[in-house]
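Below, each chain spelled out in residue letters.
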Amino acid sequence: MLKLAMAFLVRLLQAVAGFLLFYGIEGMLTSRGLQPPNILVLVALLLIGLLAVSAWRSERRPTGGLWVAGFVVALPLLLQSATPRSDPVCPSDHPPLTNTYNCVAPGAPIVLAISSVILLLSLAGAVVELRGLMAAART
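Residues numbered from 1 in each chain as written. Predicted model: local features only at pLDDT ≥ 70, side-chain atom pairs only at ≥ 80, totals over all residues. Heavy atoms only, no water.

Participant: I'm lost on the packing of helix α1 (residues 2-28) against helix α3 (residues 66-81) in this one. Help?
Facilitator: A pair of packed helices can be characterised by two numbers: the angle between their axes and the separation between those axes. Two elements in contact, α1 and α3, have axes whose closest approach is 7 Å; the angle formed by their N-to-C orientations is 35°. In this structure, α1 crosses over α3, and the sense of that crossing is right-handed. Residue-level contacts link Arg11, Gln14, Ala15, Gly18, Phe19, Leu21, Phe22, Ile25 and Glu26 of α1 to Leu66, Val68, Ala69, Val72, Val73, Pro76, Leu77 and Gln80 of α3. Among the residues forming the contact of α1 with α3, the class breakdown is twelve nonpolar, three polar and two charged. (Axes fitted to C-alpha atoms, helices over the stretch in contact; angles between N-to-C directions. Helix = DSSP H or I, 4+ residues; strand = E, 2+ residues; numbered from the N terminus. Left-handed = near helix turned anticlockwise from the far one by under 90°. Contact = heavy atoms within 4.5 Å. Nonpolar A, V, L, I, M, F, W, Y, C, P; charged D, E, K, R; others polar.)

What follows is the structure, encoded as structure tokens:
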């Protein structure tokens, strides 16, 4: 029972770190293009890495729970970057976005592709983990 509680706690902390990473990535995606990683992104990645190592050591699964952080980051980025492609790319000094003026951040197609791949890998990780949990529950 303690192992299950610890596994749940690690997944919960990975979700929180994923939200932190998503929040930091939002600051990197600007109308001037993709900016270098900020301190929030670096701290979140470090936290996700430490939690993954913790899960690996306690559960003997190399990617234990990484799918949680991947899913939390990839899904909102996928939804944000899947804007209509007919909008022009934002110039660096564009006016505020309104109902009459709209533009797409530079690099949106790249963000869409990367977040799609990460979301698919996260879903595959969730399926593998659920299979492992069901196998462990039978024994």
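Participant: Any chance you could explain the pattern of salt bridges here in plain terms?
Facilitator: Following the criterion strictly, the structure yields one salt bridge and no others. Between Glu129 and Arg11 there is a salt bridge, with its nearest N and O atoms 2.8 Å apart. Here Arg11 lies in helix α1 and Glu129 lies in helix α4 (residues 108-138), a separation of 118 residues in the sequence. For the residue pair Glu129 and Arg11, the accessibility class agrees, reading buried in each case. (Salt bridge = Lys/Arg side-chain N within 4 Å of Asp/Glu carboxyl O. Buried < 20%, exposed > 50% of the residue type's maximum accessible area, 1.4 Å probe, protein only.)

Read these as geometric descriptors, not functional statements.
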